[in-house]
Amino acid sequence: MIHQPTILLVEPTHYDVSYSINPWMDPGLWASDPRGMHRNAVASFESLHAALQAAGFTVEIAPGAPGLPDMVFPANAAVVLDGHAVLARFRYPQRAGEEAPFARIFEGLRERGLIDSVSLLPEGCYQEGAGDCIWDAVRGHFWAGFGPRSSRAAADAMASHFGREVVALELATAQSYHLDVCFCPLSGGEILYYPPAFTQDALRILRERVPASLRIEASEDDLRHFSVNAVNLHDQVVMTRTTPHLRAELGQRGYQLREVDLSPYMLSGGGAYCMTLRLDRTSGPARASAAADGAAVAA
Ligand code: ARG
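Here the residue numbers are simple positions, counted from 1 along each chain's written sequence. Note on the predicted model: pLDDT of at least 70 is required for a residue's local features to be given, and 80 or more for side-chain atom pairs to be given and counted; whole-chain, interface and lining totals, by contrast, use all residues. The basis for every side-chain value is the complete set of heavy atoms in the structure, and neither hydrogens nor water enter the calculation.

Filter applied, for reference: UniProt positions are given in the numbering used here, feature names are shortened, and annotations may be inferred rather than shown by experiment.
The name given to the chain in an unreviewed UniProt entry is arginine deiminase, and the organism recorded there is Cupriavidus basilensis. Its UniProt record gives the chain the following Pathway (unreviewed entry) comment, quoted word for word: "Amino-acid degradation; L-arginine degradation via ADI pathway; carbamoyl phosphate from L-arginine: step 1/2." As recorded by UniProt, the Catalytic activity (unreviewed entry) comment attached to the chain reads in full: "L-arginine + H2O = L-citrulline + NH4(+)".

Written as structure tokens, this is what we have:
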């Protein structure tokens, strides 16, 4: 497996918005100017690529496939930790066709030594990759979203596969259909999250585990800007053009924001995190004490 911060992107050649499986998706707007929209999407992709490199990532780019526009969101393709990838199973038929090409992509990464193994999820549950199973490097466990897309049972499957704790949080709204839309752990131990996206039970679990000083509540405006859907490496945060609220809040806490216009992808319900997949995450030693004092120690 690789050890330097490495992130997977999928090229946007076949990207469009031609169906709707979440409330942000607007095929009508895309259809009003498909060529212009696609041109903007390619330009946005290039800006994201550059911002990720500037933030310190090595970027791997995989090909997309015709008829599978949402392959540009590889966060949904797999969960990767310690060199092991578990491939996703998609809830909607519109995206299920991505499973085969992503399996080939991961097999290629394995052959090149970037990851060590590729596994399938047990039968009978859905799991939409790192979009619904987010590694918290400070606390040394996964946070898993379930409800709209991934099944509750998938959280337990991930826990037994990786041998790490998985804290399952139920998502309460169609708007926050993946955990990464409304939840983002940062390197200093903070959790940026949008409270109305979660059930009361999920909020209780989250607040028991994360002290108030480390909880950053996103506003509805932050959510609409897809700002919670951010990519963080040390003090670097790559995200869509954000709000004055989050610029101030994250700036005060020592983060450097790299904002990219990702509006063509927001039209499909995606932001920066959705468009990426970290390949180098390691479980390492649990870092629970760092979470308590808020020290910035983890990637
Ligand atoms: N149109 C895609 C879908 O609805 C967007 C996926 C965005 N990815 C994410 N991890 N939130 O599945």
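1. A short note on the pairing of strand 1 (residues 6-10)
For a regular strand, the rule is simple: side chains alternate between the two faces of the sheet. What counts, and what does not: Throughout this description, buried means an accessible area under 20% of the type-specific maximum (1.4 Å probe, protein chains only), exposed means over 50%, and partly exposed covers the range between. Counting from the N terminus, the helices are the DSSP runs of H or I reaching at least four residues and the strands are the DSSP runs of E reaching at least two. One requirement defines pairing of two strands: DSSP has to find at least two bridges between them.
Summarising burial for strand 1: 5 of the 5 residues are buried, a large majority. Of the two faces of strand 1, the one lined by Thr-6, Leu-8 and Val-10 and the one lined by Ile-7 and Leu-9 are each fully buried. Strand direction decides the pairing type here: strand 1 and strand 2 (residues 58-62), joined by 5 bridges, are parallel. Residue Val-10 lies in a different strand from strand 2, and its bridge partner there is Ala-62.

2. Observations regarding the pairing of strand 6 (residues 133-136)
Burial along strand 6 is two-sided: the face carrying Cys-133 and Trp-135 and the face carrying Ile-134 and Asp-136 are both buried. Relative to strand 7 (residues 141-146), strand 6 is paired through 4 bridges, and the arrangement is antiparallel. Looking at strand 7, one finds that Asp-136 is bridged to His-141.

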